[in-house]
Amino acid sequence: MTERIEISTQQIVERVWLSIAERRLRPGVQLKEEQLASIFDVSRARVRQALVALERDGLVTIIPNRGAFVCQPSVDDAKDVFHVRRCVERRVVERLCEANTKADLTRLRNHVAKERLANEKDMTTDIIKLSGGFHLLLAEIVGSDFLFGTMRDLIARTSLITAVYRNNNRFNCGPDEHAEIVEAIAKGDAEKAIRLMEHHLEHVESELDLNEIRRPSNDLRAALAFSA
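Description of the structure in this document.

Definitions and limits used
- Residues numbered from 1 in each chain as written.
- Predicted model: local features only at pLDDT ≥ 70, side-chain atom pairs only at ≥ 80, totals over all residues.
- Heavy atoms only, no water.
- Helix = DSSP H or I, 4+ residues; strand = E, 2+ residues; numbered from the N terminus.
- Buried < 20%, exposed > 50% of the residue type's maximum accessible area, 1.4 Å probe, protein only.
- Pairing = 2+ DSSP bridges.
- Core = buried A, V, L, I, M, F, W, Y, C linked by side-chain atoms within 4.5 Å.
- Contact = heavy atoms within 4.5 Å.
- Salt bridge = Lys/Arg side-chain N within 4 Å of Asp/Glu carboxyl O.

1. A few points about the environment of Ala222
Following the sequence through the fold, Ala222 ends up in helix α10 (residues 220-223). Using a relative accessible area of 43% as the deciding quantity, one classes Ala222 as partly exposed. As for Ala222 and Ser19, which are separated by 203 residues in sequence, their C-alpha atoms are 10.0 Å apart.

2. Remarks on the pairing of strand β2 (residues 60-63)
Where β2 lies against strand β3 (residues 67-70), 4 bridges are found, and the strand directions are antiparallel. By the bridge assignment for β3, Thr61 is matched with Phe69. Hairpin geometry of β2 and β3 is characterised by an intervening segment of 3 residues between the two adjacent antiparallel strands and by a positive phi of about 70° at Asn65.

3. Here's the deal with the nonpolar core
The biggest cluster of nonpolar side chains holds 67 residues, and the ones touching the most others in it are Leu25, Leu31 and Ile185. Examining the composition of this core, we find that 9 residues originate from one element, helix α7 (residues 145-165), more than from any other. In this structure Leu25 touches Val16, Ser19, Ile20, Leu31, Val70, Leu220, Ala223 and Leu224, once residues within four positions along its chain are discounted.

4. Some words on the pattern of salt bridges
Scanning all chains against the criterion turns up 13 salt bridges. In this structure, Arg44 and Glu33 form a salt bridge, with 3.4 Å as the shortest nitrogen-oxygen distance. Within this pair, whereas Arg44 is found in helix α3 (residues 44-56), its partner Glu33 is found in helix α2 (residues 33-40), the two being separated by 11 residues in sequence. Assessed through its relative accessible area of 42%, Arg44 is described here as partly exposed. Among the salt bridges present, the one from Arg86 reaches Glu205, with a minimum N-O distance of 2.9 Å. Taken together, the residues span a long stretch of sequence, with Arg86 in helix α4 (residues 75-98) and Glu205 in helix α9 (residues 190-206) at a distance of 119 residues. A residue is classified by how much of its surface remains accessible, and Arg86, at 23% relative accessible area, is partly exposed.

Following this line, the structure appears as structure tokens:
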């Protein structure tokens with residue numbers, strides 16, 4: 001008989017984080033301990049540990065006597081997050097222009113190629129995942145745990161913001177701008193790479209409707225469902 005391997009607290013955190021990043025788990029959704037324990041087949045104590053970690057990351061709000069909810073960012077939150085992203089991503093591209101390898105550039109170009117394919121096939125979930133993944137890959141290649149961790153949190157928060165305020169008719173964070181950034185990095189042109197990144201983030205932010213509030217889905221099990 002095969003012994004069941006229990007999912008860890010960190011794995012629960014990662015699963016919830018990815019569901020938020022892919023905009024399948026929407027702001028305002030209540031994360032019920034009992035339901036999460038059933039979904040992940042773990043104790044409620046382990047679920048509580050995960051929720052505390054998610055609250056610490058700014059992705060979940062725990063309200064006494066009410067429970068835990070996916071955070072609902074305000075307009076000011078949205079502006080603050082994009083302001084910080086511009087600062088962090090500026091540093092990331094600066095570092096990459098100072099030092100990168102052929103293998104690094106190959107990874108980035110391969111990632112952009114995957115983005116193009118996802119766009120051509122209109123694979124919405126893959127487009128969302130790969131778009132945020134490009135920025136996370138930049139930070140990963142830099143090799144700074146601080147920048148990587150900060151970027152990871154900013155991407156998740158940005159996903160929350162776009163889940164609330166995205167204008168579906170206009171949103172298109174395609175691979176072309178990412179490709180231009182990669183080529184500027186390849187040439188070691190920090191000034192151009194920074195300018196392109198700032199333009200890219202301004203483009204993404206400009207396509208948010210900061211007056212619109214979207215209704216969250218309440219289907220927690222579906223939002224956390226992953227294919228094998």
